[in-house]
Amino acid sequence: MLRSVKKMFRSNYLFTLGVIICLAWILAAILAPLLAPYDPIVQDLTMRLKAPSAEHLFGTDNFGRDIFSRVIYGGRYSLLAGCLTVVIAGVIGTFYGAIAGYVGGWTDNVMMRLSEMILSFPSLILAMIINAVMGSNLFNTMFALIIVAWPTYARLMRSVVLSVKENEYVTASEALGASKIRILMKEIIPNSISSVLIMATTDIGNQILMFSTLSFLGLGSAPPTPEWGMMVSDGVDYFNKFWVAGFPGLAIFTMAVGANFIGDGLRDLLDPKLRKEF
Amino acid sequence: MKKRLLALAMGVVIVLGCTACGGGQDAPSTEQTEGENASNTAGDSGSSTVVIAMGSGFSTLDPGYIYEKYPPLVINACYENLFKFYDNDSAPEPCLADTYEFSEDGMTLTVTLKDGITFASGNPMTSADVLFSINRCKNLQGNPAFIAETIDSMEALDDKTIVFHLTQADSAILSKLTYSSLAILDSAVVKENGGVDTAHASTSDTAQAYLDTTSAGSGMYVMTSYIPDEEVVLEKNPNYWGEATNVDKYIVKIQPDSNTQMMTLSTGDIDVALNMTDDTMAELADAEGVEIINEATKTVGFVMMNMNETYGGPVSNPKVQQAIRKALDYSGMQIICGEGTLTPYAIIQSGFMGSKGERAADYMNLEEAKALLAEAGYADGFDIDMTVTDLDMEGILLTDLAQKIKDDLAQVGINVNIVAQPWAAGYGDAYRDGTLGFTVMYWGTDYNDPNVQLEFLPGGVVGLRAGWTAEMNPELAAMYQETMAATDNDARIAVLEKIQDAMYEDGPFVMVAQAPAHIGYNTRLSGVAISDPYVLDVTLINIQ
Amino acid sequence: MEQLKFIGKRLIYLAVMLFGVATLVFILTKMIPGDPTVANLSQRALSDPEVVAAYKAKYGLDQPVFVQYLLYMKNLLQFDLGTSIRTNKPVLSELSRCYPATIELALFAIVLAAVFGILFGIISAIRRNSILDQIVRAVSVTGVSIPSFWFALLVLYFFYYKLQILPGPGRLSKAFSAPATVTGLYVIDSLLEGNLPKALDALSHLLLPGIVLAAFTMGLITRTTRSNLLDVMSMDYIRTARAKGLGRTALILKHALGNALIPVLTVIGLGLGNLLGGMVLVETIFNWPGVGQFAYESVLSADFPAIIGVALLIALNYMVINTIVDILYGVIDPRVRCQ
């Protein structure tokens with residue numbers, strides 16, 4: 001077992017790199033109070049907009065706050081938003097799609113039309129509207145992201161379920177008289193779940209990007225929370241002090257890259273035959 | 001292969017079909033530019049064109065509906081008013097008016113027009129045009145209608161004489177008459193295009209679409225082209241009745257990117273950049289042929305604390321209000337806002353007639369603030385929410401001001417939790433309805449006169465938003481009318497100073513900073529100056 | 001004949017979906033706790049009840065929500081999208097002003113993404129597991145992971161600001177005025193005008209935003225091309241052709257590529273659909289007056305006719321493209337038609 005794990009890491013550089021990057025960010029997020037040299041919120045106007053130096057590795061922003069510390073603390077929000085959104089959207093989408101696919105008929109039709117209506121709407125605008133309705137903070141932003149994300153999972157799950165439900169073990173259960181719910185929970189979902197899992201792992205990167213985009217537009221947590229997207233947007237006004245927008249953006253990039261490397265690697269490993277789009 | 005090509009061709013045809021349908025409906029202005037194209041594409045069409053870069057566009061250029069920051073620049077170029085501010089900090093002077101006279105009780109103002117004024121269309125200006133323009137503004141009930149509130153009625157004694165009957169003595173009436181919404185329109189042309197000035201104008205007037213793309217005024221320039229969100233072209237009015245400058249054409253480009261403004265200014269592609277920032281100005285420090293102006297405008301950011309305990313909680317307590325006033329780091333705030341910022345003494349901004357200038361530089365005192373808090377019963381400080389909206393004050397984000405305030409108040413034990421709320425999604429309503437407990441907001445002057453600031457008095461528009469009713473301070477509230485009626489300048493200054501003294505350390509408002517404007521311009525131009533009423537007065541600019 | 005029935009069903013379905021989208025968006029926008037008067041009146045005017053009342057009457061905002069809905073739907077059936085509360089112009093004309101800008105950018109980006117995506121995908125599949133493959137995969141993952149707003153700032157900073165080899169934000173340089181409108185696509189319109197320098201200038205302005213927008217879709221296309229090609233290349237008929245002695249390149253171009261690219265078509269279609277929805281951030285940063293920017297401003301002002309107008313346009317986009325892709329599938333792959 002250990003040997004095959006080692007082989008997995010060795011044969012796939014990018015996957016390994018992805019794991020290292022993500023572990024690094026997770027550790028940084030957890031150990032932030034220990035790793036960050038300065039408080040991320042306290043201001044010091046005498047040290048405004050200083051270029052990166054030994055004292056301030058990533059320089060300071062327009063309030064004199066240390067950007068390195070803010071980037072480390074900021075990892076928490078991106079990680080939380082990315083992972084939580086995928087988990088919740090995935091769970092909702094899985095059940096929704098499984099029910100639609102298994103029950104079929106008009107129920108399926110209506111359910112899928114509803115999810116398509118959400119899908120055909122530009123996700124950013126929808127998220128903005130939801131945010132406007134509910135007010136702007138971390139949880140409401142995640143709520144908006146979840147609403148926008150679940151239809152994709154639903155559609156995937158449904159298409160997989162459509163083929164799985166013809167399988168023999170399902171028809172056998174039906175013949176035996178098992179209830180629909182039981183079949184759903186015991187046969188259908190467990191056998192269809194792998195494609196959803198694969199999509200979920202690649203989706204984490206996407207959600208991190210979406211979250212940082214909403215945060216860039218000012219729809220995330222309120223200032224002075226050190227969210228990366230918002231830090232980049234602060235930096236736009238100080239374009240020539242490239243470190244203000246540069247480093248937070250780099251952080252978003254590396255975290256998304258890490259998540260995507262993991263997702264890609266997992267996909268190659270777990271299901272080499274599954275190349276179809278849904 | 002063939003099938004794929006067919007499919008691709010289908011796709012392209014459908015898309016092109018959509019765009020062809022879409023392209024069919026166009027604003028008339030783009031057809032006008034066909035003639036312009038030839039002269040424009042010849043590169044820089046000679047040095048008598050001045051290019052201005054402006055940070056944001058406008059929804060409307062119809063004087064009867066304008067309310068945004070930038071339209072006055074265009075309206076001041078294409079139209080004229082009875083009176084005008086030729087200098088940012090002085091009193092209004094006659095422009096289209098020849099003579100004017102107030103009655104003894106100040107309730108009547110008689111104005112005579114100069115001779116020989118003609119509109120760009122060639123039509124001569126008469127008192128009928130004045131009546132039409134001002135009545136239209138009033139009756140459209142649009143954003144700027146309030147400015148004609150004190151005008152009860154008008155009559156034209158003859159072709160050149162207008163009598164204004166005011167609802168009360170109004171010390172600011174001349175300033176109000178300078179405002180862009182009371183610009184004098186060519187009534188014949190506007191009526192031809194659906195303009196109406198009668199009582200039901202708000203539902204029957206249809207001239208806005210016309211006036212949004214074409215000017216109908218008597219000013220030095222004529223608007224010849226307007227592409228929304230891209231540019232406005234102003235060309236010299238060939239029938240201008242007065243003395244024009246030597247600038248034949250203005251191209252006002254809408255350029256929200258401050259770095260592009262900076263770069264094009266330094267290469268000479270544009271002549272005036274209206275939205276320089278601290279960051280971009282630093283880049284131009286060594287540039288030749290470029291000058292920068294940094295000056296405080298009259299747009300002021302202020303902290304508002306609700307006097308009503310239900311909304312304000314701890315900050316409804318006057319001792320707490322004074323403690324907060326003492327705890328804010330004003331010089332730090334000025335650094336955040338950029339060069340040229342200053343903190344006004346009280347509610348009358350520095351630069352206005354009657355202003356007492358700036359607040360003392362050493363006003364901040366943390367010890368006094370803590371003592372006051374203890375007296376009020378908050379020796380250990382308190383927690384409070386500060387609602388902030390997504391607007392900006394001359395480019396300075398309100399959330400930035402909020403973060404500074406949060407940091408300052410943390411020094412005296414007040415723990416501020418910033419709550420962000422979009423303007424159109426709740427904040428605007430709460431602000432208008434007076435239910436905001438603690439916030440930082442900004443106030444742009446509607447017209448260039450200290451009387452606009454009277455709204456901060458108890459019972460005034462902004463005062464009520466802070467729950468400060470007239471009953472809470474009748475003496476101060478009465479000064480509203482006193483100032484309005486004080487048509488003698490010295491008398492008005494005296495009342496204004498009394499108001500500022502009363503509010504220096506009292507009341508639910510803390511005036512934090514007057515936002516600076518930063519204009520960069522090419523030194524081949526003369527007469528470039530920051531103008532509060534017009535943003536940039538192009539009628540004063542000449543090419544050297 | 002069956003193709004006609006198929007198209008007919010699709011059209012009905014389209015109409016129902018559009019109605020659903022309009023209703024959904026209407027409900028959502030009305031749930032925003034604020035109203036357009038606040039967004040479009042000055043601070044001063046807000047406190048003047050007469051002005052507020054006049055404004056509301058003008059836009060029908062003083063009527064009960066249900067009545068507003070019915071009125072709106074009635075107009076919609078007559079293809080009247082209403083008047084934008086923010087700009088006071090008909091929503092239809094506002095959209096037809098913004099849409100061509102987005103189309104131009106989207107087409108440019110999708111062509112860029114498709115060309116390079118497919119190319120990289122082929123290279124990656126042929127040279128599987130080599131260094132070249134790893135590089136290409138790294139590049140495609142980069143494209144998919146980079147935040148678009150940061151990427152936009154980055155390319156502007158280097159290519160425009162520091163190196164000054166590419167133009168900055170905007171569709172045309174200051175020296176040119178917009179070409180006479182035929183399609184609304186500046187490059188094409190300039191050519192139709194006979195103005196080559198202007199067309200080239202418009203093209204150069206498309207480069208930076210196009211690259212930024214293409215990045216994400218290119219990553220997806222590369223990935224899909226690669227995996228599909230690998231799949232197809234392992235199939236029996238390829239091995240047969242190989243055994244027959246066909247050279248590698250000819251093999252790929254003639255036999256494998258055609259079939260491998262079918263699913264890639266879906267990705268390209270989805271990508272185009274996405275791009276035609278207007279990318280708010282890129283349009284804002286590059287000062288590109290397209291649908292994205294318009295939608296953003298409309299949401300900020302709670303301007304519900306405009307928001308619904310944009311929603312319908314984008315939904316229409318998406319569905320039209322989906323339908324075209326489905327039809328193309330049917331044309332290309334006869335097996336699909338039998339379903």
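Residues numbered from 1 in each chain as written. Chains lettered and ligands numbered in written order. Predicted model: local features only at pLDDT ≥ 70, side-chain atom pairs only at ≥ 80, totals over all residues.

**Digging into the interface of chain B and chain A**
In this assembly, 18 residues from chain B lie in contact with 15 residues from chain A. Of all the secondary structure elements, the ones that give two or more residues to the side of chain B that touches chain A are helix H10 (278-283), helix H13 (330-337), helix H15 (398-410) and strand E16 (414-420) of chain B. For the side of chain B that touches chain A, the element with the most residues is H15(B), which contributes 5 residues. Taken together, the residues that form the side of chain B that touches chain A break down as 7 nonpolar, 6 polar and 5 charged. (Contact = placed C-beta atoms within 7 Å. Helix = DSSP H or I, 4+ residues; strand = E, 2+ residues; numbered from the N terminus. Nonpolar A, V, L, I, M, F, W, Y, C, P; charged D, E, K, R; others polar.)

**Some words on helix H7 (residues 138-164) of chain A**
Residue and element names in this part refer to chain A. Compared with an ideal rise of 1.5 Å per residue, which puts 27 residues at 39 Å, H7 spans 38 Å between its outermost C-alpha atoms and is within 8% of the ideal. Ala149 marks the point of greatest bend in H7, at about 30 degrees, and the proline Pro151 comes within the next four residues. Most of H7 sits out of view: 19 of its 27 residues are buried. (Expected span 1.5 Å × (residues − 1). Bend = angle between axes of the 7 residues up to and from the residue. Buried ≥ 20, exposed ≤ 12 C-beta atoms within 10 Å, placed from the backbone.)

**Thoughts on the sheet that holds strand E5 (residues 108-113) of chain B**
All names here are of chain B. Pairing in this open sheet of 4 strands is antiparallel, and the strands run E4-E5-E7-E6 from one edge to the other. Edge positions in the sheet fall to strand E4 (97-102) and strand E6 (151-158), since each of these pairs with one other strand and no more. The average angle at which neighbouring strand axes cross in this sheet is 20 degrees, direction not considered. Across 5 bridges, the pairing between E5 and strand E7 (residues 161-166) is antiparallel. Residue pairing for E7: Val111 is matched across the bridge by Ile162. This element, helix H4 (residues 127-140), spans E5, E6 and E7 of the sheet and lies at about 165 degrees to E6. (Pairing = 2+ DSSP bridges. Axes fitted to C-alpha atoms, helices over the stretch in contact; angles between N-to-C directions.)

**As for the pairing of strand E10 (residues 249-254) of chain B**
Within a regular beta strand, the side chains point alternately toward one face of the sheet and then the other, so they alternate between its two faces. Residues and elements named next belong to chain B. Sheet analysis places strand E1 (residues 49-54) next to E10, joined by 6 bridges and oriented parallel. Note that in E10 the partner of Ile52 across the bridge is Val252. Where strand E9 (residues 231-236) lies against E10, 5 bridges are found, and the strand directions are antiparallel. Its bridge partner being in E10, Val233 is matched across the sheet by Ile251.

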